[in-house]
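Examining the three-dimensional arrangement
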Amino acid sequence: MQNHSTYLRLSAKWGFSLLPAVFAAALLSGCDSSSSVQTAAAGVPKVFKSNCISCHGTNLQGRMGASTNLTEVGKRMTKDEITKQIKDGGGGMPAFESRLSAAEIEDLASWLSKKK
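Residues numbered from 1 in each chain as written. Predicted model: local features only at pLDDT ≥ 70, side-chain atom pairs only at ≥ 80, totals over all residues. Heavy atoms only, no water.

As recorded by an unreviewed UniProt entry, the chain carries the name Cytochrome c and is attributed to Paenibacillus albus.

Structure, rendered in C-alpha cells:
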C-alpha cells in the first residue's frame, strides 16, 4: 500500500508540472497529419497560415466576428480593395505593409479575390 501512496504523491507532484508539456506535445502531434484542420488548410498560402489564421481561421470562416469571415471575400471586395486592406489595415485589422513583402501581399490578395 505504501508504494501506491508514494506513486500518488509523485503523480500529484510531477503530474501538474508536466501538464503543459503533455498538452503541447498533444497539440504538436497533429502537425503533418491528415487531421481535418490540416486537410482543410491544404492549398492555403504559407503567408496566410503564418499571419492570418489567428483572426480569419483555417477555413477563412472568421474567428473575430462576421467581418473576419473571408470565405466569400472576392464577392464583396475587388483584388485592389483586398490589397489595400492588407497593406493599410482598418476596421480592427492591423496593417501588414511593413510585415509582408509586396509580392506576398500581391499573392495573398490574388488568392483571396478568388474566394467567391
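1. Observations regarding the overall build of the chain
When helices and strands are counted, the chain shows seven helices and zero strands. Relative to its 116 residues, the chain shows a buried fraction of 23%. (Helix = DSSP H or I, 4+ residues; strand = E, 2+ residues; numbered from the N terminus. Buried < 20%, exposed > 50% of the residue type's maximum accessible area, 1.4 Å probe, protein only.)

2. Details of the environment of Leu112
Residue position: Leu112 is located in helix H7 (residues 102-113). A C-alpha to C-alpha distance of 7.7 Å links Leu112 and Lys79, two positions 33 residues apart in sequence. Setting aside residues no more than four positions away along its own chain, Leu112 makes contact with Leu60, Leu70, Val73, Gly74, Ile82 and Ile86. (Contact = heavy atoms within 4.5 Å.)

3. Overview of the packing of aromatic side chains
In this structure the tally under the stated criterion is one aromatic pair. One cation-aromatic arrangement involves Arg99 over Phe96; the distance from NZ or CZ to the ring centre is 4.8 Å. (Phe/Tyr/Trp six-rings, centres within 6.5 Å; stacked < 30°, edge-to-face > 60°. Lys NZ or Arg CZ within 6 Å of the ring centre and 35° of its normal.)

4. Some words on the layout of surface pockets
Here the largest pocket defines a volume of roughly 460 Å³. In this structure, the largest pocket is lined by 25 residues; those nearest its centre are His56, Ser67, Thr68, Gln85 and Met93. For the lining of the largest pocket, the secondary structure elements donating two or more residues are helix H3 (46-51), helix H4 (53-56), helix H5 (73-76), helix H6 (79-88) and H7. (1 Å grid on protein atoms, 1.4 Å probe; cavity = no way out; pocket = protein on both sides within 12 Å on 5 of 7 lines; lining within 4 Å. Points joined across faces, edges and corners; volume = space filled by probe spheres on them.)

5. Points about the nonpolar core
Phe48, Ile86, Leu108, Trp111 and Leu112 are the most contacted members of the largest nonpolar core, which has 17 residues in total. Taken together, the elements giving at least two residues each to this core come down to H3, H6 and H7. The leading source of residues in this core is H7, at five residues. Apart from residues no more than four positions distant in its own chain, Phe48 is found in contact with Ile53, His56, Gly57, Leu60, Leu70, Leu108 and Trp111. (Core = buried A, V, L, I, M, F, W, Y, C linked by side-chain atoms within 4.5 Å.)

6. Considering the side chain of His56
As for its position among the elements, His56 is in helix H4. Looking at His56, the relative accessible area reads 13%, which means it is buried. Apart from the residues lying within four places of it in its own chain, the contact partners of His56 are Phe48, Gln61, Gly62, Arg63, Thr68, Leu70 and Met93.

7. Overview of H6
Within H6, burial applies to Ile82, Thr83 and Ile86. Each buried residue of H6 sits inside an arc of 100° when the element is viewed along its axis, so together they form one side. Relative to its buried face, H6 has exposed residues pointing more than 90 degrees away, namely Asp80 and Lys84. On the buried face of H6, the contacting elements are H5 and H7. Trailing H6 by a residue or two, Gly89 shows a phi angle of about 70°, which is positive. (Arc of directions from axis to C-beta.)

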